[in-house]
Amino acid sequence: MTTHGLPAPGERLPETQIGPFDAAALARYADVSGDHNPLHLDDALARSLGLPAPPVHGMKLLAAFEPMLAAWRSDLALTRLSGKFIQPVFCNEKVILSGRVLRASRAEGVLLRLFAHGGARVPAIIAEASLIAPELRDAG
Amino acid sequence: MGADTSSAALAQETRLGPIRVRVDKDRLAAFCRETGFKERPDGVAPICFISVWLSSPDVHSAISRQFAAENKLPLHESQSFDCRLPLRSGESYDLVVALRHEEAPPRVVVNAEVSTLQGSLCLRAETLLRIVSRGGLGA
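Residue numbers here run from 1 along each chain, matching the order of that chain's written sequence. Each chain gets a letter, beginning with A, and each ligand a number, beginning with 1, in the order they are written. For this predicted model, a pLDDT threshold of at least 70 governs which residues receive local features, and a threshold of 80 or more governs which side-chain atom pairs are given and counted, while totals over whole chains, interfaces and linings are taken from all residues. As a rule here, side-chain values come from all non-hydrogen atoms in the structure, and water together with hydrogens is ignored.

A. Broad picture of the overall build of chain B. Secondary structure summary: chain B contains four helices and five strands in total. Think of it this way: any DSSP run of H or I at least four residues long counts as a helix, any run of E at least two long counts as a strand, and we number them from the N terminus. The secondary structure elements of chain B, listed N-terminal to C-terminal, are α-β-α-α-α-β-β-β-β. The cut-offs for exposure are 20% and 50% of the maximum accessible area for each residue type, with area from a 1.4 Å probe on protein chains only; residues under the lower value are buried, those over the upper are exposed, and the others partly exposed. Out of the 139 residues belonging to chain B, those deemed buried represent 47%. Here, residues are in contact when the closest pair of their heavy atoms is within 4.5 Å. Taking all contacts inside chain B whose residues are at least 6 apart in sequence as the whole, residues at least 24 apart take part in 61%. Values of accessible area rely on a 1.4 Å probe in the Shrake-Rupley scheme; residue burial ignores everything except the protein chains shown. Carbon and sulfur atoms make up 47% of the accessible area of chain B, which amounts to about 6600 Å² in all.

B. Spatial organisation of the side chain of Ser78(B). Tracing the chain through its elements places Ser78(B) in strand β2 (residues 72-83). Residue classification places Ser78(B) among the buried positions, given a relative accessible area of 12%. In this structure, Ser78(B) is in contact with Gly83(A), Lys84(A), Phe85(A), Glu126(B), Thr127(B) and Leu128(B), ignoring residues within four places of it in sequence.

C. A look at the packing of aromatic side chains. In this scheme Phe, Tyr and Trp rings, the latter by its six-membered ring, pair at centre separations within 6.5 Å, and the angle between planes marks the pair as stacked below 30 degrees, edge-to-face above 60, and tilted otherwise. Taken as a whole and judged by the stated rule, the model has four aromatic pairs over all chains. Their ring planes at 40° and their centres at 6.4 Å tell us that Trp53(B) and Tyr93(B) sit as a pair that is tilted. Separated by 40 residues along the polypeptide, Trp53(B) in helix α3 (residues 51-54) and Tyr93(B) in strand β3 (residues 92-102) bring together distant segments of the chain. In terms of burial, Trp53(B) and Tyr93(B) fall into one category: buried. Connected via pairs of aromatic rings, a cluster forms that spans Tyr29(A), Phe31(B), Phe49(B), Trp53(B) and Tyr93(B). A cation over an aromatic ring shows up here: Lys60(A) above the ring of Phe21(A), its NZ or CZ 4.3 Å from the ring centre. Here, a charge over a ring is recorded when the distance from Lys NZ or Arg CZ to the ring centre is within 6 Å and its angle to the ring normal is within 35 degrees.

D. How the structure looks around the interface of chain A and chain B. Taken together, the contact pairs 31 residues of chain A with 31 residues of chain B. Buried surface at the junction of chain A and chain B, summed over both partners, amounts to about 2600 Å²; 60% is from carbon and sulfur atoms. Any Lys or Arg side-chain nitrogen located within 4 Å of an Asp or Glu carboxyl oxygen qualifies as a salt bridge. Applying the counting rule to chain A against chain B returns one salt bridge. Among the ionic pairs, Glu34(B) bridges to Arg28(A), the shortest N-O distance being 3.0 Å. In this description, buried area is defined as the sum, over both parts, of the accessible area (probe of 1.4 Å) that is lost when the two are combined.

E. Quick look at the confidence of the model for chain B. On average, residues of chain B score 86 in pLDDT, and 86% of them are at 70 or above. Values of pLDDT, which run from 0 to 100, indicate the predictor's confidence residue by residue. Under a pLDDT of 50 for its full length, residues 1-10 of chain B has, in the predicted model, 19 contacts with residues more than four places off or in other chains.

F. How the structure looks around the pairing of strand β5 (residues 121-133) of chain B. All names here are of chain B. By the bridge criterion, eleven bridges tie β2 to β5 in an arrangement that is antiparallel. Within the sheet, the bridge partner assigned to Pro 74 lies in β5 and is Ile 131. The criterion for strand pairing is that DSSP finds at least two bridges linking the strands in question. Pairing between strand β4 (residues 107-116) and β5: nine bridges, direction antiparallel. Note that in β5 the partner of Asn 111 across the bridge is Glu 126. The loop that links β4 with its antiparallel partner β5 comprises four residues; one of these, Gly 119, has a positive phi angle of about 100°.

G. A look at the environment of Thr116(B). Looking at where Thr116(B) falls in the secondary structure, it is placed in strand β4. Put simply, Thr116(B) and Arg20(B) are 96 residues apart on the chain and 9.9 Å apart in space, counted from C-alpha to C-alpha.

H. Here's a closer look at the environment of Gln12(B). Residue and element names in this part refer to chain B. Its location among the elements puts Gln 12 in the loop between α1 (7-11) and β1 (13-22). Taking relative accessible area as the criterion, Gln 12 reaches 57% and is therefore assigned exposed. Residues within four places of Gln 12 in sequence aside, it is in contact with Leu 99, Arg 100 and His 101.

Below you can see the structure in the form of structure tokens.
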């Protein structure tokens, strides 16, 4: 149910699964992004720090919200995305992305709360996103 | 470009740029592939694409100087992107980065702005990196 083409507060986005990401996927992301932090790539280092495996790059996970949002509402443009990395997602864990609408208005756009869950009960990422009609963004 | 990395500046803020950057078509395609973003026919890049510039050698080495000597590792604590104008494939932009070291808790704050070559602001990003000992997370 939408009002003036906008989603209603409380509307939930379809859950999206990404991953699991293996060591090769983390290496590819490191090459593409330039983020070669050894914590993500060196299994021995991760274990020496008390982790069960290298954690997936937080940025790789946060970036995955954008295609989820585009699949949900391709008519709206993403203008803001922010996230706190609460809990690591480890190599070879699947990740569930979810979200719901907090506010929606023609003037201010759509504000969403987003979550990424890995194997832990606690969210890996708690994020917020703002979407707006592209013509409003371009009007500045 | 030039980095003001004197010891006095490091204690306060290190500024880099403007650094000329470009949304390289091949790198954009690879970034999209690795993050699940479906490439758009209008060439608009994902909002997170700026992160590849923040990992460039100039910026990365300035960030690393904030903690590498102490045998520490950065942990990504939070990240935000605020987009005014979309970045587009093949276009060039100016990137300005400001780094600030905080003591309690120990972390590096990275603020970045991307503007068109005519000076219009496109995107702001803020990265918080928690600095931890290699001897144990949170130590």
